[in-house]
Amino acid sequence: MSLLRCLSRPVFAGARRQISTTAATRSDALFVHRDTPYNNTKIAFEFSPENLKKAQQVIARYPPQYKKAAVIPLLDLGQRQNKGWTSISVMDYIAKLLEMTPMRVYEVATFYTMFNREPIGQHFVQVCTTTPCMLRGSTEILDTVCSHLGGIHAGQTTKDGKFTVIEVECQGACSNAPMLVVGDDFYEDLTPETTKKIIDSFARGEVPKPGPQSGRQTSENSAGLTALTSKPYGPGEFCQPDFQ
Amino acid sequence: MLRLVSTVSRPTSTGLLGKVVASSHTQNCTRRPFSSTSPKQADITLTVDGKEVTVPQGSALIQACEAAGSTIPRFCYHDRLAIAGNCRMCLVEVERSPKPVASCAMPAMPGSKVWTNTPLVHEAREGVMEFLLANHPLDCPICDQGGECDLQDQSMRYGSDRTRFHEITGKRAVENKDLGPLVKTSMNRCIQCTRCVRFANEVAGVEELGTTGRGNDMQIGMYVEKTMNSELSGNIVDLCPVGALTSKPYAYHARPWELKNTESVDVLDAVGSNIRVDSRGVQVMRIQPRTNDDVNEEWISDKTRYAYDGLKFQRLTTPLIKQGDRFVAASWEDALNAIATGLAASGAKDNEIQAIAGHLADTESLVALKDLVNKLGSDNLALDQVNGTSSPVHGIDIRSNYLFNSTIPGVEQADAILLVGTNPRHEAAVLNSRIRKSWLHTSLEVGLIGERVDTAYGYEYLGADAKALTDFVSGKGEFAKKFAAAKRPLIIVGSSLAEHPDGQGVYGQLAKFVEANKSKLVTPEWNGFSVLQRAASRSAAYDIGFTPSKKASETKPKFIYLLNADEVDPKSIPENAFVVYQGHHGDIGAQLADVCLPGAAYTEKSVTWVNTEGRAQLGRTAVPPPGAARDDWKVIRALSEIVGSPLPYDDVLTLRDRMWDISPSLVRYDITESTSTDVALVGLKTLSAKANAKVSGEKFLKPITNFYQTDVISRASVTMADCTKAFVKNEKEEFSNLGKGPQAAFA
């Protein structure tokens, strides 16, 4: 017995038992605000005169007591003016403009994922990885984008600040899968080659033509038309002679 | 993001009062969007678990189930808050419904058949519970909520006995928020019921609290770093069904099953909130609210809840006699003899014997002291307030002149409120939440004459002095017109107005106005002239006539008896007077005294308190008084023996008989007795006779500048000092570092 105890002692001393063994799952984004040099309440933000005019138009759509209904379009307007991201100053400004408690604006801005609460690059590349795109090879597209931009990961920005890549959920362009979004434009029917081309032309400062990159017209059947192949008839055809 | 909350919160509510007041355009366009109090409709009948039950139309299904006696588990539903319907714990089975129904968010329908105890319901509850526990830490042994945790109780009752989650991905981790020195957060435990958010937005008026993120990332907080600055913040600790929000001062101090619960009454303001004093041994461990819909609903203010640690410090535990410049501990006999000798030596006769009653003097001891002083031939009964040594301007002959006649629940019926020289948020925080509730849900209009303050609801600012009142009375201004058009107008007069140099004139003008509009303001159903007292003892003191006669108020006292009087101006006490202090804390009053007699604090005696409505309530003894301290009225009774004019009562029952003789309302507990219209009008007549008294035009100042420290108990409280630092002085302090710095000797 005593031998056993002697043997067992170093074992216990070596392997200290942890009290908590549950791993923590953390969010991919921060849902509280932290003051940083580039994002704090002291940085002033105000709509430019054109945007203020647009904002007034948006506000005018709603009854005056429901002014706060304009919060999402206004946040979007603010995000566009603020280089693609919604800083705390943007949110505070919109709260003031709509006479809302700032927290109500924060709630909206943190709820919707399309409001970026951290700065992004000049070109915001959003690669869809939802099921239809995934089945059509979006994993490869995402890998191509990431490796072509110097081996960054989804969620990161290139060192020169030109590109930010993120994975997004379905953008509703499943018939043209796989696809990615740069800014407001959809680039569809992608292959690794066309993806590289798109990235390259953005890097050169050009804007490639949005839409399907395979050359087909919107989401028409890529194997050619199977229905409605005849010439569509024009006005007056097949009518009584009186009406022709 | 909580839909229901965002609909109730009005854009221009807190902190923006300048804006509310400044622009009339804002006023018009930010009318409350929805009226959520629907008129009472016909009753409907439905069947719950085979039992027929009748409930008013518009009730939630959960209420119908409760009415039928079926208990429904719930986390997010709370009958005083808006319905959120996000915890899904209250699922029940409804006939012809394909899925279980969340009973809190489902209106009860006539003729529907509901089951709350079927296999489907059991399975649904078990499933919901499983999801709630998936991210809930298993730290019950070190959680302060343990023993009174809804999640713990309901998981035992309704949960599964084993888990299917093996935590491969780990549990959700959320960082803790710093809400200030009162509320401790442990956000990992949060189940996102949003009760705290709804309370803060609807009741407390803290619209900075909300939910950020979505889905699994959703968390409660303020997004930016901020403390929760509200007088009612402690209530979110009670509301939290889990241990996410717990009390910081009480952290790790006790477990609920160790505590003795004593139902009592709060005395730190004049509302008379119903409380439950939780004590262990001789110590008060915490104070919780007790539901009383006529007074405080379910809420209590932070001062009521957290000032209890002041009961431990600065206490007078033994009689003290001043010798030279220091106090020497003495026996009761010596101390009482010293007073008798001092009284004789001072040569005080008749009105030269003065008694001053403070904020925390109980009714029994007030009666005993008045009887004793009267027996000694004096009428010099002063109150511990500005101008307390002269008879109050509103007189004490008619009760309705100094009471809150509309009653506290009556505030919710008012459709126009004029606040004169008062900030109810600090003078009666719980009452203020009722005004806010009414302001949110009805078209209530509020006007304020006095110092500009943040009231947690919008108001029209009429001015700071008597001139603004003259304008109002003469019908000038928009608010006066709204007030005239109101069906149930209410004037709330602050207690500080009686202390104001213009008090007489202001009371006179108001009384004249009320008389002129008596068809609306003084009717058998409604008395719209209410005085808001702020000291717990004041209404009782007025009721028993604890005020000096005119002759007495002009006499310079030679012997002064301070009963819990700690607001006295030391300069007002004559140099050579003999001063006795009776009370429970060594504060200003004790410093002035020649002899100190230790009394009992409100948790240590069973006495009567009369609140601002004139509602007599019985406080109960939770813990014994410390050391040699004794019940206050017994001390006075003993002293009467020594000074040679014994009082005719030996026990509390005969003393209460005496109180009955003075005013039966003092011993008719828990009810308010309204003054009849005729008598109230007579009272107003006495006031309006002086309507032409000269006014100096001095501004009305708010009587309470620091809500957290208003009396001896809260001044001795460490927690209240922390609150003062954090909320009044706005000093940023790392509360999490509190334990690391140099500590006070008590810790």
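Residues numbered from 1 in each chain as written. Chains lettered and ligands numbered in written order. Predicted model: local features only at pLDDT ≥ 70, side-chain atom pairs only at ≥ 80, totals over all residues. Heavy atoms only, no water.

Chemist: With reference to specific residues and values, describe the overall build of chain B.
Modeler: Each helix and strand in chain B was counted, giving 25 helices and 27 strands. What you see for chain B is a C-alpha radius of gyration of 28 Å, in line with the 27 Å of a compact globule of 747 residues. Counting only C-alpha atoms, chain B reaches 90 × 60 × 50 Å along its principal axes. With 747 residues in all, chain B has 60% of them scored as buried. Looking at chain B alone, contacts between residues at least 24 apart form 70% of all its contacts between residues at least 6 apart. (Helix = DSSP H or I, 4+ residues; strand = E, 2+ residues; numbered from the N terminus. Rg over C-alpha atoms; globule rule 2.2 N^0.38 Å. Buried < 20%, exposed > 50% of the residue type's maximum accessible area, 1.4 Å probe, protein only. Contact = heavy atoms within 4.5 Å.)

Chemist: Can you tell me about the pattern of salt bridges, naming the residues and giving the values?
Modeler: Within the structure shown, the criterion is met by 52 salt bridges over all chains. Between Glu107(A) and Arg104(A) there is a salt bridge, and its shortest N-O distance comes to 3.0 Å. Of this pair, Glu107(A) and Arg104(A) both sit in helix α5 (residues 102–111), three residues apart, roughly one helical turn. This pair shows no difference in class: Glu107(A) is buried, exactly as Arg104(A) is. Among the charged side chains, a salt-bridge network with shared partners connects Arg80(B), Asp293(B), Glu297(B), Glu298(B), Glu412(B), Arg434(B) and Lys437(B). (Salt bridge = Lys/Arg side-chain N within 4 Å of Asp/Glu carboxyl O.)

Chemist: For the domain arrangement of chain B, give the residues involved together with the corresponding values.
Modeler: Residue and element names in this part refer to chain B. Each assigned domain of chain B is listed with its residue range as follows: domain 1 (43–134), domain 2 (137–248), domain 3 (320–395 + 538–666) and domain 4 (401–533 + 672–688). Spacing between the C-alpha centres of domain 1 and domain 2 amounts to 24 Å. With 22 residues of domain 1 at the interface, the matching set in domain 2 holds 21 residues. A combined buried area of about 1,900 Å² lies between domain 1 and domain 2, and 60% of that area is made up of carbon and sulfur atoms. Considering only the side of domain 1, the residues that lose the most area to domain 2 are Phe 75, Leu 81 and Glu 130, jointly responsible for 33% of the buried surface there. Counting across the interface, domain 1 meets domain 2 through one salt bridge. (Domains from an automatic or database assignment. Buried area = accessible area lost by both parts, 1.4 Å probe.)

Chemist: Let's hear about the packing of helix α7 (residues 138–148) of chain A against helix α8 (residues 192–203) of chain A: which residues, and what values?
Modeler: Residues and elements named next belong to chain A. Closest axis-to-axis distance for the α7/α8 pair is 9 Å, and the angle between their directions is 35 degrees. Considering the relative orientation of α7 and α8, their crossing is right-handed. Contacts between α7 and α8 involve Glu 140, Ile 141, Thr 144, Val 145 and His 148 from the former and Pro 192, Thr 195, Lys 196, Ile 199 and Asp 200 from the latter. Looking at the contact of α7 with α8 residue by residue, the classes come out as four nonpolar, three polar and three charged. (Axes fitted to C-alpha atoms, helices over the stretch in contact; angles between N-to-C directions. Left-handed = near helix turned anticlockwise from the far one by under 90°. Nonpolar A, V, L, I, M, F, W, Y, C, P; charged D, E, K, R; others polar.)

Chemist: Quick one: what's the story with the side chain of Gln533(B), residue by residue and with numbers?
Modeler: Residue and element names in this part refer to chain B. Mapping Gln 533 onto the fold places it in the loop between β22 (529–532) and α18 (538–544). At 2.9 Å, the side chain of Gln 533 forms a polar contact with the backbone oxygen of Tyr 402. Apart from residues lying up to four places away in sequence, Gln 533 is in contact with Ala 270, Tyr 402, Ser 495, Arg 538, Ser 539, Tyr 542 and Thr 612. (Polar contact = N/O pair within 3.5 Å; in protein donor to acceptor, adjacent residues only side chain to side chain.)

Chemist: Describe the sheet that holds strand β3 (residues 163–168) of chain A, with residues and values.
Modeler: Residues and elements named next belong to chain A. Read across the sheet, five strands follow the order β3-β2-β4-β5-β6 without closing on themselves; strand pairing throughout is mixed. The outermost strands of the open sheet, each flanked by one partner alone, are β3 and β6 (211–212). Bridging between strand β4 (residues 180–182) and strand β5 (residues 185–188) involves three bridges; their strand directions are antiparallel. What sits directly across from Val 181, in β5, is Phe 186. On the sheet, α7 packs against β2 (123–128), β3 and β4 and is oriented at approximately 155 degrees with respect to β2. (Pairing = 2+ DSSP bridges.)

Chemist: Tell me about the nonpolar core, and name the residues and values.
Modeler: All names here are of chain B. In terms of nonpolar packing, the biggest core is built from 96 residues, with Leu 46, Phe 75, Phe 199 and Tyr 602 touching the most fellow members. Here this core gets six residues from one element, more than from any other, and that element is helix α7 (residues 195–204). Setting aside chain neighbours within four positions, we find Phe 75 in contact with Cys 87, Met 89, Met 129, Leu 132, Asp 150, Leu 151, Gln 154, Ile 191, Cys 193, Arg 195 and Pro 241. Within the second largest apolar cluster, 49 residues are counted, among which are Leu 381, Ala 541, Val 595 and Val 610. (Core = buried A, V, L, I, M, F, W, Y, C linked by side-chain atoms within 4.5 Å.)

Chemist: Quick rundown of the pairing of strand β23 (residues 559–563) of chain B? Include the residues and the values.
Modeler: Successive residues of a regular strand alternate their side chains across the two faces of the sheet. Residue and element names in this part refer to chain B. Within β23, five of the five residues are buried, which leaves the element mostly enclosed by the surrounding structure. Taking every second residue as pointing to the same face, both faces of β23 are buried, with Phe 559, Tyr 561 and Leu 563 on one and Ile 560 and Leu 562 on the other. Looking at chain direction, strand β16 (residues 353–357) and β23 are connected through five bridges and run parallel. Within β23, the position partnered with Ile 353 by the bridge is Phe 559. In the sheet, β23 pairs with strand β24 (residues 578–583) via five bridges, with the strands oriented parallel.

Chemist: Describe the packing of aromatic side chains, with residues and values.
Modeler: All chains considered together, the criterion is met by 18 aromatic pairs over all chains. Ring centres of Phe47(A) and Tyr93(A) lie 5.2 Å apart, and the angle between their planes is 90 degrees; this geometry places the pair in the edge-to-face category. Placement of Phe47(A) in the loop between β1 (24–25) and α2 (49–60) and of Tyr93(A) in helix α4 (residues 88–97) is noted, with a sequence separation of 46 residues between them. Aromatic side chains Phe483(B) and Phe513(B) sit 6.0 Å apart centroid to centroid with 40 degrees between the ring planes, which places their arrangement in the tilted category. (Phe/Tyr/Trp six-rings, centres within 6.5 Å; stacked < 30°, edge-to-face > 60°.)

Chemist: Give me the lowdown on helix α14 (residues 466–473) of chain B, citing residues and values where you can.
Modeler: All names here are of chain B. All buried positions along α14 are accounted for by Ala 466, Ala 468, Leu 469 and Phe 472. The buried residues of α14 occupy an angular sector of 155 degrees when projected down its axis, which confines them to one face. Where the residues of α14 are buried, they touch β18 (416–420), β19 (445–449), β20 (460–463), α15 (478–485) and α16 (503–516). Note on α14: the residue one or two positions beyond its end, Gly 475, has a positive phi of about 85 degrees. (Arc of directions from axis to C-beta.)

Chemist: I'd like to hear about the side chain of Thr304(B), residue by residue, with values.
Modeler: Residue and element names in this part refer to chain B. Mapped onto the elements, Thr 304 comes out in helix α9 (residues 302–306). At 3.0 Å, the side chain of Thr 304 forms a polar contact with the side chain of Asp 266. Looking at Thr 304, its side chain comes within polar contact range of the side chain of Ser 301, at 3.0 Å. Not counting the four nearest positions on each side in its chain, Thr 304 is found in contact with Asp 266, Leu 268, Ile 275, Ile 287 and Tyr 602.

Chemist: So what about the packing of helix α5 (residues 119–134) of chain B against helix α6 (residues 150–158) of chain B? Which residues, and what values?
Modeler: Residue and element names in this part refer to chain B. At a closest axis distance of 10 Å, the pairing of α5 and α6 adopts a crossing angle of 140 degrees. Judged on the interaxial angle alone, α6 and α5 are oblique. Considering only the axes of α5 and α6, their crossing is left-handed. Residues Arg 125, Glu 126, Met 129, Leu 132 and Leu 133 of α5 lie in contact with α6, whose contacting residues are Leu 151, Gln 154, Ser 155 and Tyr 158. (Parallel < 35°, antiparallel > 145°, perpendicular 65-115°, else oblique.)

Chemist: Lay out the state of the cysteines in plain terms, naming residues and giving numbers.
Modeler: Residue and element names in this part refer to chain B. Inspection of every chain in the model, using the stated rule, returns zero disulfides over all chains. Residue Cys 193 stays outside any disulfide, its sulfur separated by 6.1 Å from that of Cys 240, the closest cysteine. Judged by its relative accessible area of 9%, Cys 240 falls in the buried class. (Disulfide = S-S within 2.5 Å.)

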